[in-house]
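Fold and contact review
So you can see what is in the structure, the chains are spelled out below.
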Amino acid sequence: MTYASVLVDVSVRQTDRPFDYLIPDRWHDAIQPGMRVIVPFGPRKVQGFVLAIKETTSLDKVKEIEEVLDVMPVLTEELLLLGSHIAQKTLCFLISAYQAMLPTAIKAVYKKHVQITSDEVYEALPTELAQLFSVVKRREWTEVESLVSKISIVQRAIKEGLLEIEYEVKNKANKKTERVVSLLKVLDEDLKNISSPQQKDIIEYLRMNGQTSVKELKEFLQITDSPIKTLQKNEFISIETIEVYRDPYVGSDIEKSKPLPLVDEQRVAYEHIVSSFKEREHKIHLLHGVTGSGKTEVYLQTIQEVLLKGMEAIVLVPEISLTPQIVGRFKSRFGNDVAVLHSGLSIGEKYDEWRKIQRKEVKVVVGARSAIFAPFENLGIIIIDEEHETTYKQDEHPRYHARDIAVWRGEYHNCPVVLGSATPTLETFARAQKGVYELETMSMRVNQGPLPEVEVVDMREQLRNGNRTMFSTLLHEKIIDRLEKKEQIILFLNRRGYSSFVMCRDCGYTIQCPHCEVSLTYHKHNHSLKCHYCGYETYMPKQCPSCQSDHIRFFGTGTQKVEEAITQSFPEARVIRMDNDTTSRKGAHEKMLKQFGNGEADILLGTQMIAKGLDFPNVTLVGVLAADSSLHLPDFRASERTFSLLTQVSGRAGRHEKPGEVVIQTYSPEHYSIELAKTQDFIAFYEEEMKIRRSFHYPPFYYLVLISISHTDLIKVVKVSEQITGYLRENLSNRSIVLGPVASPIAKIKDQFRYQCVIKYKSEPALYDVLNRIQQFYQEETDKGKLQITIDFQPTMFM
DNA sequence: AGCACGCCGACT
DNA sequence: GTCGGCGTGCTC
């Protein structure tokens, strides 16, 4: 007898452990850990993952596995191991960790049907049910629920054995299939006997072109299914259904590219990384290169080496759909060896890309955060571009950081991990300084061009001098100049922590969301006010609800408003505006960038999404409007983010022959992150910021855990928060610091009050134990859904 | 999470 | 005496 430990797809604490099932004989040697199965669980059926195969079980009664869903495991041995590591380190259920590794298409969909037990039951059934099941003998539960007058009559029929419930587990996956036609043996004699010209055409076509899809045959020969069917019936051809891949990049013509010559700094970095790959050393390299220093080319050539050895590579890029230019570079270098995974793909497309990896049909995957789980088994290198990006941290369970996963997998495979950035996180840079990571510095731009000249304009002064527009005199002049020279301009609107809120000029009243403690945002297109947290929407009032004054206006600068200002100040300029509104349609993003690249516009105006990765030779001016809006967020990383953002945006200017200029507009020009962005001196910024981090006990000197507590009852939230902080203070070592409880910066979302506390620690042996105990203590209450407690290690946000 | 089981009040 | 409400506890 062999048994399987199965982890079922039910994410609650009580089922967060394996259950044993008997493996039926027919599956004996076929079943392997990492495969998905369907098992009976209580009265229903659920999907589960086989964790292990074993010869014995301690139970006296076990059920049999009902079905095996995979031919090969969807989770490799490595990923199974990694899952338990993630569950342990982020305090999530094991099943959640595994779910996070797989494409959504593979997730189970549960259905419940009601059917007649036998044809003889009609007399016994109540008329209502007899009618319902007279023609259709099997119906979906939800359908029955809505058609029937009372659920109880169905339940009684089930008890009496007239009806029964059947549980079904389906795959969300939709493999895209295609019917293909192959020619069987057709003798010339047979051909003579075929009178239909269409059938003859088909055979002719197949003889010329070999295996062909039904679709193509029909299109090319302008025929229907019927002659094809006849040929199949007479066994001249065979039709089989095969799986095909959707190609999200079909039609985009990609030219093959060749390795570019490396400049000295690039070569040094390249050689270091390649040597640790060849020596099979798990080293972490920080590739610290200024914008335009050619980091991507280093990635490409190191990957080339990895591929030469028949090994595989993972490349993470922040939210990749936003940088089609980068995807293009990988596709053009490695062609069909590349799979691309990002959020812009449909569920089916993601699944197809994932299948290519699983079947080892590709060697390189380029993707966003979750691509770190690519099921490669022969990894040679892992690259994380723009290492400092916060999108690498998942903000829902499991709250993992892709960088940590990369390090874990690098260790498992004994391969190097490369972290690339012009503005690495302080944590990473500090490790490189200490020699924990290898530091590769690239301080020169490949084109030998200088970094762009950056000027900071004090907007307070502009205001004092009577300039009330969004453009300082300097930026205005420079825009005019570029427009005349037919050079291009990027205008960046820093909107983080910024929105167009509504305020009464007379009494100062601002309109807030009734369910969340945030101001509502004004939306121009339908004159509405919307809450960005819960979706609440209302009309824009004509009068102040508080003092009835007419002077109620919206404040803040949206991209729309900037666009209007541009057309007013520079009527001849052609503008492309990129923000969430204009790029939500699929492919809109790529299209707009292409237009700008072709010179169809003079100004590209946008938010964060235009800050990185873009490379347009004709851009010689970058303007940053309101540089400091990200500076005053209640977050210790605000300075780091601002500096990083300004550096990245500045890097968009003058990347090729023409030198670039940057104008940064700010109300706090004396702030060090803005002052240092002017010289783009990362080291100076690092040293300055480290002083602050040290004295305030922030990372990289301390690790952080953020515990958030929320509930609809404020008193309950306060009580639980105080209990938790009290417990932490009592049970953690006195070297750790516990802050709070305090109300979260956004104190209420969706009618839930939110409190938080923070643990700062350097080394805390009791940490996991204590946090687990807290989770267990409140488990009953959190299960009911009223109370929520989330624990976030190394949080990126404190909102 | 679902689902059954069981206990209790309400109503034919 | 039955129906349906919800609290409790289990699922190999």
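Please refer to the structure placed before this passage.
To start, this report covers the structure provided alongside it. Here the structure is a predicted model, which means the values were calculated and not measured. Throughout, residues of each chain are indexed from 1 in the direction in which the sequence is written. Each chain is given a letter, starting from A, and each ligand a number, starting from 1, according to the order in which they appear as written. Totals for whole chains, interfaces and linings use all residues, but because this is a predicted model, local features are given only for residues with pLDDT of at least 70 and pairs of side-chain atoms are given and counted only at 80 or more. Note that water and hydrogens are dropped before the side-chain values are worked out from all heavy atoms of the structure.

1. Remarks on the overall build of chain A
Across its full length, chain A holds 26 helices and 33 strands. Restricting the calculation to C-alpha atoms gives the radius of gyration, and the globule rule supplies 2.2 Å times the number of residues raised to the power 0.38. Against the compact-globule benchmark of 28 Å for 799 residues, chain A has a radius of gyration of 31 Å, which places it among compact chains. Summarising its shape, the C-alpha atoms of chain A cover approximately 90 × 75 × 65 Å along the three principal directions. For each residue, the accessible area found with a 1.4 Å probe, counting protein chains only, is set against the maximum for its type, and the residue is called buried under 20%, exposed over 50%, and partly exposed in between. Counting only residues that meet the buried cut, chain A has 51% of its 799 residues in that class. Contacts were defined at the residue level, with two residues in contact if any of their heavy atoms lie within 4.5 Å. Sequence separation of at least 24 residues holds for 73% of the intrachain contacts in chain A that already meet a minimum separation of 6. Each helix is a run of H or I in the DSSP string that is no shorter than four residues. Each strand is a run of E no shorter than two, and both are numbered from the N terminus.

2. What about the protein's contact with DNA strand C?
It suffices for a single heavy atom of a residue to lie within 4 Å of a molecule or strand for the residue to be listed as near it. Residues in contact with DNA strand C amount to 16 residues; listed here are only the nearest, Asp20, Gly42, Leu59, Lys63 and Lys150. Of what DNA strand C places within 4 Å of the protein, 54% of the atoms are sugar or phosphate. Within 3.5 Å is the distance limit for a polar contact, defined as a pair of N or O atoms, with the added protein rule that one can donate a hydrogen and the other accept it, and that residues adjacent in sequence qualify only through two side-chain atoms. Here proline 40 contributes a backbone N or O atom positioned 3.1 Å from a phosphate oxygen of DNA strand C. Within the side chain of serine 152, one N or O atom sits 3.4 Å away from a phosphate oxygen of DNA strand C. Counting residues per element, the surface near DNA strand C draws most heavily on strand E2 (residues 19–22), which supplies three residues. Each residue receives one of three labels: charged for Asp, Glu, Lys and Arg, nonpolar for Ala, Val, Leu, Ile, Met, Phe, Trp, Tyr, Cys and Pro, and polar for the others, Gly being one of them. When grouped by side-chain class, the residues that make up the surface near DNA strand C number six nonpolar, four polar and six charged.

3. Observations concerning the sheet that holds strand E4 (residues 44–54)
The rule for pairing is simple: two strands pair if DSSP sees at least two bridges between them. Spatially, E2-E1-E4-E3-E5 is the arrangement adopted by the five strands of the open sheet, whose pairing is antiparallel. The sheet is open, and its two edges are formed by E2 and strand E5 (67–68), each paired on a single side. Here strand E1 (residues 3–8) runs beside E2; their pairing, made up of four bridges, is antiparallel. Considered in E2, the bridge of alanine 4 is made with tyrosine 21. Lines fitted to the C-alpha atoms define the axes, with helices restricted to the stretch that makes contact. Angles between their N-to-C directions range from 0 to 180 degrees. Taken strand by strand, helix H2 (residues 94–101) contacts E1 and E4, and its axis lies near 90° from that of E4.

4. What about the pattern of salt bridges?
Two side chains of opposite charge can pair, provided their charged atoms sit close to one another. Salt bridge, as used here, is a side-chain nitrogen of Lys or Arg placed within 4 Å of a carboxyl oxygen of Asp or Glu. Evaluated as defined, the whole model comprises 35 salt bridges. Arginine 36 is paired through a salt bridge with aspartate 70; the nearest N and O atoms lie 2.6 Å apart. With arginine 36 in strand E3 (residues 36–41) and aspartate 70 in the loop between E5 and helix H1 (77–90), this residue pair connects regions lying 34 residues apart in the sequence. Given a relative accessible area of 3%, arginine 36 falls into the buried group. As a salt-bridge pair, lysine 716 and glutamate 781 come within 2.6 Å of each other at their nearest N and O atoms. Separated by 65 residues along the polypeptide, lysine 716 in helix H24 (residues 714–731) and glutamate 781 in helix H26 (residues 779–783) bring together distant segments of the chain. Salt bridges sharing common partners tie together Glu455, Lys478, Asp481, Arg482, Lys485 and Glu661.

5. Quick notes on the nonpolar core
Note that soluble globular proteins tend to have their nonpolar side chains buried in a common cluster. Working definition of a nonpolar core: buried Ala, Val, Leu, Ile, Met, Phe, Trp, Tyr and Cys residues. They are joined through side-chain atoms within 4.5 Å. With 87 residues, the main nonpolar core has Leu75, Ile314, Ile372 and Leu604 as its most contacted residues. Each of domain 3 (264–442) and domain 4 (453–497 + 557–693) accounts for three or more of the residues forming this core. What leucine 604 contacts, discounting residues up to four positions off in sequence, is Ile489, Ile490, Leu491, Ile576, Met578, Leu593, Phe596, Ile610 and Leu614. Formed by 29 residues, the second largest nonpolar core is a distinct cluster that contains Ala313, Ile326, Phe330 and Val418. Note that the domain bounds were set by an automatic or database domain assignment.

6. Considering the protein's contact with DNA strand B
Residues in close proximity to DNA strand B include Val10, Val12, Gln14, Pro43, Arg44, Lys112 and Tyr167, which together make up its full environment. Sugar and phosphate atoms represent 64% of those atoms of DNA strand B found within 4 Å of the protein. A distance of 2.9 Å separates a base nitrogen of DNA strand B from a polar atom in the side chain of arginine 44. At 3.2 Å from a phosphate oxygen of DNA strand B is found a side-chain nitrogen or oxygen belonging to lysine 112.

7. Some thoughts on unusual backbone geometry
With omega at -10°, the peptide bond leading from histidine 397 into proline 398 counts as cis. Within the fold, proline 398 resides in the loop between strand E16 (379–385) and helix H14 (402–413). The amide bond that connects proline 699 to the next residue, proline 700, takes the cis arrangement and shows omega of 5°. Note on placement: proline 700 falls in the loop between helix H23 (682–695) and strand E30 (703–711). Here the phi dihedral of alanine 626 falls at roughly 55°; this positive angle occurs in a residue that is not glycine. Along the polypeptide, alanine 626 turns up in the loop between strand E28 (619–625) and helix H21 (638–650). One non-glycine residue, glutamine 794, lies in positive phi territory at about 45°. Residue placement: glutamine 794 occurs in the segment after strand E33 (788–793).

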